[in-house]
Amino acid sequence: MPKIETLNQAHYDPTTGIFSLSRSEDGSLAHVSLRLEGEYLAVSTSYGPLEIALRPRVEELKRVLRMLQPVDGLQYSRQLGSGQTSIGLGLQSDGRLLVRPAVIGDASGYIAINLALAPEARAALFEWLGV
């Protein structure tokens, strides 16, 4: 079972256009920054010095988020991206959104960051994206 870090704070900075997700406890290493860039969404997911940066299409992400249904037990019911980079998404019955950005090397391995957005952070993200 992977360790999942829950992010419970959302903040939008209108001067930079960056929407940030973090954890309220001091010392948390997990952080997600998002910025709209035309038809793409620049996503920077970091855990300490480790960063996974992805650029999914905004409309594709919105479509996937709208389609999510709560499925407990199955962590990531939808995947967005390609065979080499993807974002796994899953909605839990308690309102948490599971997010797993990953870079897949080949059949021998991958690197991923396992995150969950608390219901209030998920609601703020959906509002910002217009989902």
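Above this text you will find the structure in question.
From a predicted model like this one, the values you see are computed outputs, not experimental measurements.

Asker: Looking at this structure, how should I read the pairing of strand β3 (residues 18-22)?
Answerer: Strand residues, when the strand is regular, have side chains that alternate between the two faces of the sheet. Among the 5 residues in β3, 4 count as buried, and that is most of the element. Pairing analysis gives 5 bridges linking strand β2 (residues 9-13) to β3, with the strands arranged antiparallel. Counterpart to D13 in the pairing with β3 is I18. Across 5 bridges, the pairing between β3 and strand β4 (residues 30-37) is antiparallel. Each residue of the ladder has a partner; that of S22, found in β4, is H31.

Asker: How should I be thinking about the pattern of salt bridges in this particular structure?
Answerer: A side chain of one charge can pair with a side chain of the opposite charge when the charged atoms of the two come close. Taken as a whole and judged by the stated rule, the model has 7 salt bridges. A salt bridge links R55 to E37, with the nearest nitrogen and oxygen atoms 3.4 Å apart. Remark: E37 occurs in strand β4 and R55 occurs in the loop between β6 (50-54) and α1 (58-67); sequence separation between them is 18 residues. A relative accessible area of 47% means that R55 is categorised as partly exposed. Between E59 and K62 there is a salt bridge; the shortest N-O distance is 3.6 Å. Highlighted residues: E59 and K62, both in helix α1, separated by 3 residues, approximately one helical turn. On the basis of relative accessibility, which here comes to 14%, the residue K62 falls in the buried class.

Basis of the calculations
- Residues numbered from 1 in each chain as written.
- Predicted model: local features only at pLDDT ≥ 70, side-chain atom pairs only at ≥ 80, totals over all residues.
- Heavy atoms only, no water.
- Buried < 20%, exposed > 50% of the residue type's maximum accessible area, 1.4 Å probe, protein only.
- Helix = DSSP H or I, 4+ residues; strand = E, 2+ residues; numbered from the N terminus.
- Pairing = 2+ DSSP bridges.
- Salt bridge = Lys/Arg side-chain N within 4 Å of Asp/Glu carboxyl O.

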